[in-house]
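Structure at a glance
Chain by chain, the residues:
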Amino acid sequence: MMGRPASARPALPHAPEALTPEWLTAALRSGGASADAAVTSVAWASTGDQGWTTRMARLTLTYGRAGDGMPATLVAKFSAPDAGTRRFFRRFYEREVFFYRVIASLVPLRTPRCYYADYDPSAQAHVLLLEDMGPAVAGDVGSGISIGVALEYTRRIAELHAQWWEPPTLEALLVRFPAPG
């Protein structure tokens, strides 16, 4: 499974309400962000990008010691609150953690820096602490996007797929996550 041994990680919070300064400090340290930064307070607000598979929140952090260079804001992504939904999407959560831990640094596209990524197989849940890419926003599925934005998306997706077209490194990744069909 994707998660680290339970003794090596703090218990995963399942919602932004469960985030504490102590948990965030431990998560940021274990993710390699800083060995001595200490979060003293956290405030959160919904990003508005709530679906039935995940819950997201923008975090505003205050640091006590050695907060220099640490992010003032992060985006936290949690699995769905519903256990049945988590059970159904567990493989996707695990893959997303794997993406940020292993693949993100290999792709040519700009991805948010991941400060912490973990998956708990017993709860079938994951947590990501990601760089806040604001003022960028997710597109609105209901209203669509402009032709220029669609063209740029298409170019970027083609660039991403071209990189992974039959490379030798793909075989090792497919052992971990076989492609269906």
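If you're wondering where the values come from, they're calculated on a predicted model, not measured in any experiment.

This next bit is on the overall build of the protein chain. Secondary structure assignment for the protein chain yields four helices and five strands. The burial tally for the protein chain puts 38% of its 181 residues in the buried class. Across the protein chain, contacts joining residues at least 24 apart in sequence account for 58% of those joining residues at least 6 apart. A total accessible area of about 10,500 Å² is found for the protein chain, and carbon and sulfur atoms account for 60% of it.

Before going further, it helps to spend a moment on the sheet that holds strand β5 (residues 125-131). Reading across from one edge, β1-β2-β3-β5-β4 is the order of the five strands in this open sheet, with antiparallel pairing throughout. The outermost strands of the open sheet, each flanked by one partner alone, are β1 (39-46) and β4 (114-120). Direction aside, neighbouring strands of the sheet carry axes that sit 20° apart on average. Across five bridges, strand β3 (residues 73-79) lies against β5 in antiparallel orientation.

Tracing the sequence through the fold places Ala33 in the loop between α1 (21-30) and β1. Sequence-wise, Ala33 and Tyr116 are 83 residues apart; in three dimensions their C-alpha atoms are separated by 8.7 Å.

Before going further, it helps to spend a moment on the pattern of salt bridges. Under the counting rule described, the total for this entry stands at seven salt bridges. With a shortest N-O distance of 2.8 Å, Glu96 and Lys77 are connected by a salt bridge. Of the two residues, Glu96 sits in helix α2 (residues 83-103) while Lys77 sits in strand β3, which places them 19 residues apart along the sequence. The burial state of Glu96 is the same as that of Lys77; both residues are buried. We note a salt bridge from Arg91 to Glu94, for which the minimum N-O separation is 3.9 Å.

This next bit is on the packing of aromatic side chains. Throughout the structure, instances matching the rule amount to four aromatic pairs. Taken together, a centroid distance of 5.3 Å and an interplanar angle of 80° make the contact between Trp23 and Tyr116 edge-to-face. Taken together, the residues Trp23 in helix α1 and Tyr116 in strand β4 connect sequence positions 93 residues apart. Each of the two residues, Trp23 as well as Tyr116, counts as buried. Judged by centre distance (4.9 Å) and plane angle (75°), the ring pair of Phe88 and Phe89 falls under edge-to-face. Classification of Phe88 as exposed rests on a relative accessible area of 59%. An aromatic cluster is defined as three or more aromatic residues linked by ring pairs; in this entry it consists of Phe88, Phe89 and Phe92.

Ranked by size, the top nonpolar core spans 21 residues in total, and within it Trp23, Leu24, Leu28, Leu59, Leu61 and Leu129 carry the most contacts. Looking at this core, the elements with two or more residues in it are α1, β2 (54-63), β3, β4 and β5. For Leu59, the residues in contact, after removing those within four places along its chain, are Leu19, Leu24, Val42, Ala43, Trp44, Ala72, Thr73, Leu74, Ala76 and Leu129. With ten residues, the next largest nonpolar core counts Ala80, Val97, Ala104 and Leu130 among its residues.

What follows covers the confidence of the model for the protein chain. Of the residues in the protein chain, 88% reach a pLDDT of 70 or more, and the chain-wide mean stands at 85. The secondary-structure element of the protein chain with the lowest mean pLDDT is helix α4 (residues 168-176), recorded at 77, while β5 shows the highest, at 96. A low-confidence stretch, residues 1-7 stays under pLDDT 50, and its non-local contacts, those more than four residues away or across chains, total 19 contacts.

Okay, the environment of Thr111 next. Its place among the elements puts Thr111 in the loop between α2 and β4. Measuring from C-alpha to C-alpha, the distance between Thr111 and Met133 comes to 9.1 Å, with 22 residues separating the pair along the chain. Once residues lying within four places of it in the same chain are set aside, the contact partners of Thr111 are Phe99, Ala104 and Glu131.

Definitions and cut-offs
- Residues numbered from 1 in each chain as written.
- Predicted model: local features only at pLDDT ≥ 70, side-chain atom pairs only at ≥ 80, totals over all residues.
- Heavy atoms only, no water.
- Helix = DSSP H or I, 4+ residues; strand = E, 2+ residues; numbered from the N terminus.
- Buried < 20%, exposed > 50% of the residue type's maximum accessible area, 1.4 Å probe, protein only.
- Contact = heavy atoms within 4.5 Å.
- Areas by Shrake-Rupley, 256 points an atom, 1.4 Å probe, with all protein chains shown as cover.
- Pairing = 2+ DSSP bridges.
- Axes fitted to C-alpha atoms, helices over the stretch in contact; angles between N-to-C directions.
- Salt bridge = Lys/Arg side-chain N within 4 Å of Asp/Glu carboxyl O.
- Phe/Tyr/Trp six-rings, centres within 6.5 Å; stacked < 30°, edge-to-face > 60°.
- Core = buried A, V, L, I, M, F, W, Y, C linked by side-chain atoms within 4.5 Å.
- pLDDT = per-residue confidence, 0-100.

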